[in-house]
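Tertiary structure, described
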Amino acid sequence: MMINPTYTGKQYWLTTIVSGLLLSLILSTAYVIFYERLYVESSYLFSIIYLIPFVWLSVTLAFFKNKFVWNSFSYGRAFTMSFICGIVGAVLFSGVIFLMYSCFGMESRMGLYENGRFMRELFSPKAIAVSMLIINVILSLVYSLIIAIFARKKV
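Predicted model, so just to flag it, every value in this text is computed and none were measured.

Another point: helix 5 (residues 125–151). The terminal C-alpha atoms of helix 5 lie 37 Å apart, and with 27 residues this matches the ideal 39 Å at 1.5 Å per residue to within 8%. Taken together, the buried positions of helix 5 are Ile128, Ala129, Met132, Asn136, Leu139, Ser140, Tyr143, Ser144, Ile147, Ala148 and Ala151. Elements that come into contact with the buried residues of helix 5 comprise helix 1 (9–37), helix 2 (52–68) and helix 3 (75–102).

All told, the structure shown has eight aromatic pairs when counted by the stated rule. Centre to centre, the rings of Phe79 and Phe83 are 5.6 Å apart; their planes meet at 10°, and the pair counts as stacked. Residue Phe79 and its partner Phe83 are both found in helix 3; the two are separated by four residues, about one turn of the helix. Of the two residues, Phe79 and Phe83, both sit in the buried class. Members of the aromatic cluster, joined through ring pairs, are Tyr12, Trp13, Phe63, Phe64 and Phe68. When the ring centre of Tyr12 is taken as reference, the NZ or CZ atom of Arg77 above it lies at 4.0 Å.

Calculation notes
Residues numbered from 1 in each chain as written. Predicted model: local features only at pLDDT ≥ 70, side-chain atom pairs only at ≥ 80, totals over all residues. Heavy atoms only, no water. Helix = DSSP H or I, 4+ residues; strand = E, 2+ residues; numbered from the N terminus. Expected span 1.5 Å × (residues − 1). Buried < 20%, exposed > 50% of the residue type's maximum accessible area, 1.4 Å probe, protein only. Contact = heavy atoms within 4.5 Å. Phe/Tyr/Trp six-rings, centres within 6.5 Å; stacked < 30°, edge-to-face > 60°. Lys NZ or Arg CZ within 6 Å of the ring centre and 35° of its normal.

See the structure below:
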């Protein structure tokens, strides 16, 4: 007797949430390392932080597809998994960014704009965290649209 196992809702959501938590941990660690080691005013290496979600979301969907999906995996389910994972990671990463800048004494390193009140508010911990949240949610949307095309599986 042939049994075609497929994923359950519990496996789907557990993988999505755990992957989102791990994404935020990886992003936070990379941000601190890049901030301390690679931050220069004209450095493009710091932009690597925006490619980490693309790689991580791809790995998550590849893992889930190979481990749990034996039957069909639709575009919508692949997109939802990738996008929710990206949102969870973005929200937690923004919270960590806010805590690092407000409580743990990281400076925004925007010394050129210390004189203007508007620029100080623009580079406040809250503004930096919100901008990182918006950037990462938009990137997660775009990455999810692309990744889900390759992750779907039809039988």
